[in-house]
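This is what each chain is made of:
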Amino acid sequence: KLSDPSVYTWNAIISAHANLGQSERAIDLYNSLVKSDTRANEYVYVAVLKACTNMLAVTHGNLLFSCIIEDGLESDLFICNTSMDMYAKCGGLGKAWEVLIELRVRNVVTWSTLIAGYTQQGMGEEALKCFGLMRDESISPDAITFSSILKACGITRSLDKGIEIHDHIVDNGILQDNIVLNTALVDMYAKCGALQKAQKVFDGLSVRSVVLWNALITGYTHLELCEDALNCFHRMQSDGLSPD
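Below is a summary of the structure that appears in this document. Remember, predicted model here, so these are calculated numbers, not experimental data.

### A few points about a nonpolar patch on the surface
Item 1. A grouping of Trp97, Ile101 and Leu133 is seen on the molecular surface, where their side chains present a nonpolar patch of about 250 Å² in accessible area.
Item 2. As for its placement among the helices and strands, Ile101 is situated in helix 6 (residues 93–102).

In structure tokens form, the structure reads like this:
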């Protein structure tokens, strides 16, 4: 047992527990660090924020962010992106937005975190507004951003916007066999009632997952095209995939 561990030692042990899913223990260790009068650094804060996220412990996350402000690290992009992720996943999207607007510099992770948070809460219009603000800052979306914004288009039934996003994805050359993006595309088109477009994306894929089949089957079912849904179900089984 070390008599006077450094902040790097504390970070190593806290991060190890957080990465192993032992979130409560990671938070307890952080509290011990505070009592030892050792000043936390950005790596410690990120590890503990992730532990708070895993436990949905937004109250502790709030206290932690107060400590971050006291230590003058509220402009650290790495910490703030992690804080926003914590708030978004804990349902505190208002707090996540507050963190974002206080940042002088934002990157694709910053915006994608907030966009994903809105889509996960079914707030498609807010996600689309954030996407527009992100583009106003000339920040290029990545595959994660596109996946989330396609979900927002499906939520709001914004077919025209979805087609526009599809074109952006193709222009950026990141579609190919990206199963997550292609699934998001099929899901978006299906929810917007554009089953022909959903089927076209689907048919162009060499690899199809159960999630991808589910998106197409659900689309046909919602439009009461039951025979098409059943045909998809049988085709999925013929491809050797088991239904979930």
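After that view of the structure, there is still more to cover.
### What about the pattern of salt bridges?
It is possible for side chains bearing opposite charge to pair when their charged atoms get close.
Item 1. Across all of its chains, the model carries eight salt bridges by this definition.
Item 2. A salt bridge links Asp85 to Lys89, with the shortest nitrogen-to-oxygen separation between them at 3.3 Å. With Asp85 and Lys89 both in helix 5 (residues 77–89) and four residues apart, the pair spans about one turn of that helix.
Item 3. According to the relative accessible area criterion, Lys89 is partly exposed, its value standing at 43%.
Item 4. Here Glu164 and Lys161 are joined by a salt bridge, their closest N and O atoms 3.4 Å apart. Of this pair, Glu164 and Lys161 both sit in helix 10 (residues 159–172), three residues apart, which is roughly one turn of the helix.

### Concerning the packing of aromatic side chains
Item 1. One pass over the structure, following the stated rule, counts three aromatic pairs.
Item 2. Each ring, one from Phe65 and one from Tyr87, has its centre 6.3 Å from the other, and the planes form 75°; the classification is edge-to-face. With Phe65 in helix 4 (residues 58–70) and Tyr87 in helix 5, the pair connects residues that are 22 residues apart, well separated along the chain. Comparing Phe65 with Tyr87, the two get one shared label, buried.
Item 3. Each ring, one from Phe202 and one from Trp213, has its centre 4.5 Å from the other, and the planes form 70°; the classification is edge-to-face. With Phe202 in helix 12 (residues 195–203) and Trp213 in helix 13 (residues 210–222), this pair connects stretches of sequence that are eleven residues apart.
Item 4. Using a relative accessible area of 0% as the deciding quantity, one classes Phe202 as buried.
Item 5. Residue class for Trp213 comes out buried when judged on its relative accessible area of 0%.

### Details of the packing of helix 4 against helix 5
Item 1. Where helix 4 contacts helix 5, the two axes come as close as 10 Å, and the packing angle between them is 160°. When the axes of helix 4 and helix 5 are compared, the pair comes out roughly antiparallel. The handedness of the crossing between helix 4 and helix 5 comes out as left-handed. Facing Val58, Gly61, Asn62, Phe65 and Ile68 of helix 4, the residues of helix 5 in contact are Ile79, Ser83, Met86 and Tyr87.

### Quick look at helix 12
Item 1. Buried within helix 12 we find Leu195, Ala198, Gln199, Val201 and Phe202. For helix 12, the angular spread of the buried residues around the axis is 160°, confining them to a single face. Opposite the buried face of helix 12, by more than 90 degrees, sit the exposed residues Gln196 and Lys200.

### Some words on the environment of Glu137
Item 1. Checked against the element boundaries, Glu137 lands in the loop between helix 8 (124–136) and helix 9 (143–156).
Item 2. A residue is classified by how much of its surface remains accessible, and Glu137, at 31% relative accessible area, is partly exposed.
Item 3. For Glu137 and Asn107, which are 30 residues apart along the polypeptide, the C-alpha to C-alpha distance reads 9.3 Å.
Item 4. Excluding residues within four positions of it along the chain, Glu137 makes contact with Arg106 and Trp111.
Item 5. Separated by 2.6 Å, the side chains of Glu137 and Arg106 make a polar contact.

### Let's talk about the environment of Ser6
Item 1. Examined against the element boundaries, Ser6 turns out to sit in the segment before helix 1 (7–19).
Item 2. Residue class for Ser6 comes out partly exposed when judged on its relative accessible area of 34%.
Item 3. Spatially, the C-alpha atoms of Ser6 and Ser32 are 13 Å apart, while their sequence positions differ by 26 residues.

Cut-offs and rules
- Residues numbered from 1 in each chain as written.
- Predicted model: local features only at pLDDT ≥ 70, side-chain atom pairs only at ≥ 80, totals over all residues.
- Heavy atoms only, no water.
- Patch = residues over 30% accessible without salt bridge, like charges linked within 9 Å, V, L, I, M, F, W, Y side chains within 5 Å.
- Areas by Shrake-Rupley, 256 points an atom, 1.4 Å probe, with all protein chains shown as cover.
- Salt bridge = Lys/Arg side-chain N within 4 Å of Asp/Glu carboxyl O.
- Helix = DSSP H or I, 4+ residues; strand = E, 2+ residues; numbered from the N terminus.
- Buried < 20%, exposed > 50% of the residue type's maximum accessible area, 1.4 Å probe, protein only.
- Phe/Tyr/Trp six-rings, centres within 6.5 Å; stacked < 30°, edge-to-face > 60°.
- Axes fitted to C-alpha atoms, helices over the stretch in contact; angles between N-to-C directions.
- Parallel < 35°, antiparallel > 145°, perpendicular 65-115°, else oblique.
- Left-handed = near helix turned anticlockwise from the far one by under 90°.
- Contact = heavy atoms within 4.5 Å.
- Arc of directions from axis to C-beta.
- Polar contact = N/O pair within 3.5 Å; in protein donor to acceptor, adjacent residues only side chain to side chain.

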